[in-house]
Amino acid sequence: SSSIKVPTLKMLDGREMPALALGTYLGFDKDGVVQPKNKEIRDIALQAIDIGYRHFDTASVYGTEADIGEAIRMKIAEGVIKREHVFVTTKLWNTAHKPDQVLPAFMDSLNKTGLDYIDLYLMHWPIGLNEDNSISDVDYMETWRAMEKIQKSGLAKSIGVANFNKEQLRRVISEGSVKPVALQIEVHLQMIQTELLELCKSEGIIVQGYSPFGSLVMRFGFQYPGPKFDDPTLVSIAQKYGKTTAQVVLRWAVDRNVVPLPKTVSPKRLAENLNIFDFKLEPKEIEEINKFNSNTRYTLPSFWQENTYYPFEKVENPISDPFKS
Ligand code: NDP
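In what follows, the accompanying structure is described. Note that the coordinates shown come from a computational prediction; the quantities given were computed from them, not determined experimentally. (Residues numbered from 1 in each chain as written. Predicted model: local features only at pLDDT ≥ 70, side-chain atom pairs only at ≥ 80, totals over all residues. Heavy atoms only, no water.)

### Some points on the side chain of Ser266
Along the chain, Ser266 falls in the loop between strand E12 (258-260) and helix H9 (267-274). Taking the relative accessible area as the measure of exposure, Ser266 reaches 11% and is therefore buried. Side-chain polar atoms of Ser266 contact the backbone nitrogen of Arg269, separated by 3.0 Å. (Helix = DSSP H or I, 4+ residues; strand = E, 2+ residues; numbered from the N terminus. Buried < 20%, exposed > 50% of the residue type's maximum accessible area, 1.4 Å probe, protein only. Polar contact = N/O pair within 3.5 Å; in protein donor to acceptor, adjacent residues only side chain to side chain.)

### Quick word on the site of the ligand
Lining the immediate environment of the ligand, one finds 25 residues, of which Asp57, Ser211, Lys263, Thr264 and Arg269 sit closest. Within the side chain of Asn163, an N or O atom sits 2.9 Å from an oxygen atom of the ligand. A total of 910 Å² of accessible area belongs to the ligand in isolation, and the protein chains cover 87% of it. Taking a 2 Å distance to the grid points as the criterion, the majority of the atoms of the ligand fall inside the largest pocket. Top contributing element to the shell around the ligand by residue count: H9, with 3 residues. Here the shell around the ligand is composed, by residue class, of 11 nonpolar, 8 polar and 6 charged. (Near = heavy atom within 4 Å. Areas by Shrake-Rupley, 256 points an atom, 1.4 Å probe, with all protein chains shown as cover. 1 Å grid on protein atoms, 1.4 Å probe; cavity = no way out; pocket = protein on both sides within 12 Å on 5 of 7 lines; lining within 4 Å. Sits in = over half its atoms within 2 Å of the grid points. Nonpolar A, V, L, I, M, F, W, Y, C, P; charged D, E, K, R; others polar.)

### A short note on unusual backbone geometry
Phi at Asn257 is positive, roughly 60°, even though this residue is not glycine. By the secondary structure assignment, Asn257 is in the loop between helix H8 (245-255) and E12. Judged by relative accessible area, Asn257 falls into the partly exposed class, the value being 49%. In this model, Asn295 sits at a positive phi of 50°, which is unusual for a non-glycine residue. On the secondary structure map, Asn295 appears in the segment after helix H10 (283-290). Among the residues examined, Asn295 registers a relative accessible area of 56% and is labelled exposed.

### A look at the packing of helix H7 (residues 232-241) against H8
Packing of H7 against H8 brings their axes to within 8 Å, and their N-to-C directions diverge by 90°. In terms of orientation, H7 and H8 fall into the roughly perpendicular class. Contacts between H7 and H8 involve Leu234, Val235, Ile237 and Ala238 from the former and Thr245, Val248 and Val249 from the latter. Each residue belonging to the contact of H7 with H8 can be placed in one class, and the counts come to 6 nonpolar, 1 polar and no charged. (Axes fitted to C-alpha atoms, helices over the stretch in contact; angles between N-to-C directions. Parallel < 35°, antiparallel > 145°, perpendicular 65-115°, else oblique. Contact = heavy atoms within 4.5 Å.)

### Focus on helix H1 (residues 40-51)
The terminal C-alpha atoms of H1 lie 17 Å apart, and with 12 residues this matches the ideal 16 Å at 1.5 Å per residue to within 8%. Within H1, burial applies to Ile41, Arg42, Ile44, Ala45, Leu46, Ala48 and Ile49. Here the buried face of H1 lies against strand E3 (22-23), strand E4 (55-57), helix H2 (65-77) and H9. Of the residues trailing H1, Gly52 is marked for its positive phi of about 125°. (Expected span 1.5 Å × (residues − 1).)

### As for the layout of surface pockets
Over the atoms rolls a probe the size of a water molecule, and in doing so it shows where empty space is left. Of the pockets and cavities examined, the largest pocket occupies roughly 1500 Å³. Surrounding the largest pocket, 50 residues form its lining, Tyr25, Gly27, Ser211, Arg219 and Phe220 being those nearest its centre. For the lining of the largest pocket, the element with the most residues is H9, which contributes 3 residues. Looking at the lining of the largest pocket residue by residue, the classes come out as 27 nonpolar, 13 polar and 10 charged. Here the second largest pocket defines a volume of roughly 410 Å³. Forming the walls of the second largest pocket are 17 residues, and the residues nearest its centre are Leu197, Glu198, Lys201, Arg256 and Asn257. Only strand E1 (8-10), helix H6 (194-203), strand E11 (206-210) and H10 provide two or more residues apiece to the lining of the second largest pocket. Here the element with the most residues in the lining of the second largest pocket is H6; it accounts for 5 residues. Here the lining of the second largest pocket is composed, by residue class, of 8 nonpolar, 4 polar and 5 charged. (Points joined across faces, edges and corners; volume = space filled by probe spheres on them.)

Shown next, in the form of C-alpha cells:
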C-alpha cells in the first residue's frame, strides 16, 4: 500500500513539525537500564519510514538514538527520503544540566544518530541531577541558556522543554532569549492537560503528548484502572468512523492540536497508529472523551520531589529511585 502523508504544524521559529511521532521509549528493565533489543528499534523505524512516519521521538536516556539515526541514514541512502523530510526529537538528560555539560551531551546524542543536525532538542526535565543521581540545584534557566547556544549553532534547529509546569514554562518564556517551540508532556484520556494546552496555544507553543494510550495499555506490568480499548464510549465513536479505538484516541489528541507520540514495536500497530489522517472528531465527541479526565499521571518521579524544580504535585509516600541501584 502507498504511504500516508502526515500533516505538519508550524512552529514559532517558522519550521514545520509532523503532527505525529513514533515513540521509542522501551521502559526500564529491573536494573534501571534501558536495553533496546538488537536491531528491533532500527527495523521498526525502517518500516515506519516506508509507510509514512516522518517524526521520531527519542532521548539520550532511552538508548534508541543510534537505532533511529541508522534507520534514517539507511532510508536516505536508499533514496526513500531526504534528511529534511524527517524530523528527529531528542532530549538532554538530567545529569547534564550544568551549562558546561550541555554541549558535550548534545554532541554525544548527535554523534549517536550519525546525522548532521537534530530537529528538536528538548530539556527532558526541569530537574538537574549529579553524576550519582543525587539531586542537584542547578537552575534550568542556566541549562536553557546553554541550549540556546546550540540552537544558534544550527546543530539543533529548534529547542524546547518537557515536563515543565505552567510556572516553569512561563519563566522560560519571560527570562529566556529564545522561546521554546514545544512542550512535551503526558497527555491521554485521564490527563487531558487543559490548562497547559491553553497556555501553549496562547504562546504559539506546540504540545507533544506522551503516553497517548494512558490506561488503555499495561504499564510496567500493571493494568491500571481507567478506560480500556473496549470502552463503550470509545467503541461507539470508533464504529461511526470505521476506525479502531486506538485510532480514535490518537485522533482525539490530533484534534486538540497535540502531537501524539505512540510507541509500538509491532508492524501491525505501527500502521494502525499512523492511519488517523482521513477522519476528524466532532467537537461534541472531543468533549465526551475529555470526561475521562482524572488527572492521573503514569510518569510521576516522586523520588525527585525534594528538588526545588520538581514540576508536579508532591505525594505522601515517594517511590524509590529506579536510577539508583
Ligand atoms: P504509549 O501510550 O505509546 O503506549 C505504548 C504501549 O501501547 C505499548 O505497550 C504498545 O505495545 C502498545 N500499543 C501501541 N499501539 C497500540 C495499538 N494500536 N493498540 C494496542 N496497543 C498498542 O506509551 P509510552 O509511555 O511509551 O509513551 C509513548 C512515547 O512517549 C515514548 O515511547 C516516548 O517516546 C515518549 N515519552 C516521553 C516521556 C517524557 O518524559 N518526555 C515519558 C514517557 C514517554 P506494542 O509495542 O507491543 O505495540
